[in-house]
Amino acid sequence: ARKIWSIYHEAGHIIREHQLACPDSSKDERKLMEWEANTFTREILAPTTLVLGAISKYRKGSATFQDLYFMYRHLFGLSKHAASLASSKVYRESPTINQDIFELFTAINSAIYSHI
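Residues numbered from 1 in each chain as written. Predicted model: local features only at pLDDT ≥ 70, side-chain atom pairs only at ≥ 80, totals over all residues. Heavy atoms only, no water.

Asks: Looking at this structure, I do not really get helix α5 (residues 80–93). What am I missing?
Replies: Since the α-helix packs 3.6 residues into each turn, any two residues three or four apart lie on the same face. With 14 residues, α5 extends 20 Å from end C-alpha to end C-alpha; this agrees with the ideal 20 Å at 1.5 Å per step. When we look at burial in α5, the residues that qualify are Ala82, Ala83, Ala86, Ser87 and Val90. All buried residues of α5 project into a common sector of 125° when viewed along the axis, lining one side. Opposite its buried face, α5 presents the exposed residues Lys80 and Arg92, each directed more than 90 degrees away. Where α5 is buried, its residues touch α1 (2–15), α2 (27–45), α3 (48–56) and α4 (65–75). (Helix = DSSP H or I, 4+ residues; strand = E, 2+ residues; numbered from the N terminus. Expected span 1.5 Å × (residues − 1). Buried < 20%, exposed > 50% of the residue type's maximum accessible area, 1.4 Å probe, protein only. Arc of directions from axis to C-beta. Contact = heavy atoms within 4.5 Å.)

Have a look at this one:
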């Protein structure tokens, strides 16, 4: 799980063309590049909308850090470190569920995994 996160993380750097900016980057620029690569990876491996949608099925209020960690770790199979990183970011950013995307993924998942 950790290797998969690392591969997508590095792909995020390549897609965002961070390698072109690295030699002269400030500390704040490097921090932003890491945030972008981590966000790219998180959204590819475990889209925030799906995580929050799954949590909303059993919790009426806002998702806790523990809710997020559980979903990232056990539902989406992220490593302990990646689940903790993703949970921290999403918890601090307080995103909302995009209902259209959630319904689309729900329909796709229902068709693919109808036996579940």
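Asks: Help me out: how do you make sense of the nonpolar core in this one?
Replies: Soluble globular proteins tend to bury their nonpolar side chains together. Within the largest apolar cluster, 15 residues are counted, with the highest numbers of intra-cluster contacts made by Val51, Ile55, Ala63, Leu68, Met71, Tyr72 and Leu78. Those elements that provide at least two residues to this core are α3, α4 and α5. (Core = buried A, V, L, I, M, F, W, Y, C linked by side-chain atoms within 4.5 Å.)

Asks: Teacher, can you tell me more about the side chain of arginine 42 here?
Replies: Mapped onto the secondary structure, arginine 42 falls in helix α2. Overall, the relative accessible area of 5% leaves arginine 42 in the buried class. Residue contacts for arginine 42: discarding those within four places in its chain leaves Trp5, Pro47, Thr48, Tyr72, Ala86, Lys89, Val90 and Glu93.

Asks: So what exactly am I meant to see when it comes to the pattern of salt bridges here?
Replies: As a working rule, side chains carrying opposite charge can pair if their charged atoms are close by. Under the definition given, this model contains 4 salt bridges. A salt bridge links arginine 16 to glutamate 36; the shortest N-O distance between them is 3.2 Å. With a gap of 20 residues between them, arginine 16 in the loop between α1 and α2 and glutamate 36 in helix α2 connect regions that are remote in the sequence. You can call arginine 16 partly exposed: its relative accessible area is 48%. Accessibility expressed as a relative area gives 18% for glutamate 36, which makes it buried. It is possible to trace a salt-bridge network through shared partners that takes in Arg42, Glu43 and Glu93. (Salt bridge = Lys/Arg side-chain N within 4 Å of Asp/Glu carboxyl O.)

Asks: I keep staring at a positive patch on the surface and nothing clicks. Help me out?
Replies: A contiguous patch of positive charge, built from Lys27, Arg30, Lys31 and Arg92, is present on the exposed surface. Top element by residues in the positive patch is α2. It accounts for 3 residues. With respect to the helices and strands, the residue arginine 30 is situated in helix α2. Owing to a relative accessible area of 42%, arginine 30 belongs among the partly exposed residues under this scheme. (Patch = residues over 30% accessible without salt bridge, like charges linked within 9 Å, V, L, I, M, F, W, Y side chains within 5 Å. Areas by Shrake-Rupley, 256 points an atom, 1.4 Å probe, with all protein chains shown as cover. Lys, Arg positive; Asp, Glu negative; His and termini not counted. Charge placed at Lys NZ, Arg CZ, Asp CG, Glu CD.)

Asks: Could you clarify how one ought to interpret the packing of α2 against α5 in this entry?
Replies: To characterise two packed helices, one gives the angle between the axes of the helices and the distance between these axes. Interaxial distance between α2 and α5 falls to 11 Å at its minimum, and their mutual angle equals 100°. As the angle between them shows, α2 and α5 are arranged roughly perpendicular. Contact with α2, carried on its side by Trp35, Asn38 and Arg42, involves Leu85, Ala86, Lys89, Val90 and Glu93 of α5 and no other residues of that element. (Axes fitted to C-alpha atoms, helices over the stretch in contact; angles between N-to-C directions. Parallel < 35°, antiparallel > 145°, perpendicular 65-115°, else oblique.)

Asks: What should I look at first to understand a nonpolar patch on the surface in this one?
Replies: Taken together, Ile4, Tyr8 and Ile44 make up a surface patch of nonpolar side chains, about 260 Å² in accessible area. Structurally, isoleucine 44 is set in helix α2.

Asks: Explanation requested: the packing of α3 against α4 in the structure shown.
Replies: At a minimum axis distance of 10 Å, the contact between α3 and α4 shows a crossing angle of 115°. Here α3 is positioned roughly perpendicular relative to α4, judged by the angle of their axes. When you trace α3 past α4, the crossing you get is right-handed. Residues Thr48, Val51, Leu52, Ala54 and Ile55 of α3 touch α4, and the partners they reach there are Asp67, Leu68, Met71, Tyr72 and Leu75. Tallied by class, residues from the contact of α3 with α4 come to 8 nonpolar, 1 polar and 1 charged. (Left-handed = near helix turned anticlockwise from the far one by under 90°. Nonpolar A, V, L, I, M, F, W, Y, C, P; charged D, E, K, R; others polar.)

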